[in-house]
Amino acid sequence: MLTLTNLGRPAGRKNKKRLGKGQGSGWGHQAGRGHKGKKARAGGGVPAAFEGGQMPMHRRLPKRGFKNIFRVGFRALNLNRLQGLEETEFDILTLEKMGLIPSKGKKAKAPVKVLAGIQEDFTKTVTIKANAFSVRAKEMIEKNGGKAEVV
């Protein structure tokens, strides 16, 4: 019968190395860290990018690019996503509820822009209220008798 007093270790498991626990453990004294030096100390060691005093890679290479801090990131909506739907009036809240544009996360508060996408034959008559429209998207909506309202 198996009781708490005669439980054994599961097969294939062994004790972890108990570093620095005396000479009898086999890992006493320096505990596998060698003699003195930076790497033997607690919290010691060199940074991952350290190249032995040589000028490190991140300082040898030139800086590249430009990040425009005034850039406006839009939540994009392609017209082909509206083609198969039965609704004809869309505003930002309805688009969020339908899951057509992100409503959570990093872009949740970004303005919405309607794009024409690659579809040439958008035939639905719709009224869309969004923050911006591409020129082609606006033409395609108005060609079918719909409205593209900038909010």
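Residues numbered from 1 in each chain as written. Predicted model: local features only at pLDDT ≥ 70, side-chain atom pairs only at ≥ 80, totals over all residues. Heavy atoms only, no water.

On the basis of which strands lie adjacent, the open sheet formed by three strands has the order 1-3-5 and parallel pairing. Two strands in the sheet have a free side with no partner beyond their single neighbour: strand 1 (75-78) and strand 5 (132-133). (Pairing = 2+ DSSP bridges. Helix = DSSP H or I, 4+ residues; strand = E, 2+ residues; numbered from the N terminus.)

As a further point, take a positive patch on the surface. A contiguous patch of positive charge, built from K67, R71, K106 and K107, is present on the exposed surface. In this structure, R71 sits in the loop between helix 1 (57-60) and strand 1. (Patch = residues over 30% accessible without salt bridge, like charges linked within 9 Å, V, L, I, M, F, W, Y side chains within 5 Å. Areas by Shrake-Rupley, 256 points an atom, 1.4 Å probe, with all protein chains shown as cover. Salt bridge = Lys/Arg side-chain N within 4 Å of Asp/Glu carboxyl O. Lys, Arg positive; Asp, Glu negative; His and termini not counted. Charge placed at Lys NZ, Arg CZ, Asp CG, Glu CD.)

Here the focus is the environment of V151. Looking at the secondary structure, you find V151 in the segment after strand 6 (147-150). Counting along the chain gives 23 residues from V151 to I128, while the straight-line C-alpha distance between them is 9.6 Å. In this structure V151 touches K129, A130 and N131, once residues within four positions along its chain are discounted. (Contact = heavy atoms within 4.5 Å.)

Backbone geometry at H29 places phi at a positive 60°, although glycine is not the residue there. Positionally, H29 belongs in the segment before helix 1. H29 sits in the exposed class, given a relative accessible area of 66%. The phi angle at K36 is positive, at roughly 45°, despite the residue not being glycine. (Buried < 20%, exposed > 50% of the residue type's maximum accessible area, 1.4 Å probe, protein only.)

Turning next to the sheet that holds strand 2 (residues 89-90). Across the sheet, three strands lie side by side as 2-4-6; this open sheet has parallel pairing. Strands at the two margins of the open sheet, each flanked by one partner only, are strand 2 and strand 6. Of the pairings in the sheet, the one linking strand 4 (residues 127-130) to strand 6 comprises four bridges and is parallel in character. Bridge pairing links I128 to A148 in strand 6.

For helix 3 (residues 135-143), every residue scored as buried is listed here: A137, M140 and I141. Viewed end-on, helix 3 has its buried residues packed into an arc of 95°, placing them on one side of the element. Of the residues in helix 3, the exposed ones pointing more than 90 degrees away from the buried face are V135 and K143. In this structure, the buried side of helix 3 is in contact with strand 3 (112-115), strand 4, strand 5 and strand 6. Downstream of helix 3 by one or two residues, G145 has phi in the positive range, about 90°. (Arc of directions from axis to C-beta.)

Turning next to the pairing of strand 3. Burial along strand 3 is one-sided: V112 and V114 are buried, and none of K113 and L115, which face the opposite way, are. Pairing of strand 1 with strand 3 involves four bridges; the strand directions are parallel. By the bridge assignment for strand 3, L77 is matched with V114. The pairing of strand 3 with strand 5 spans two bridges and is parallel. Bridge pairing links K113 to A132 in strand 5.

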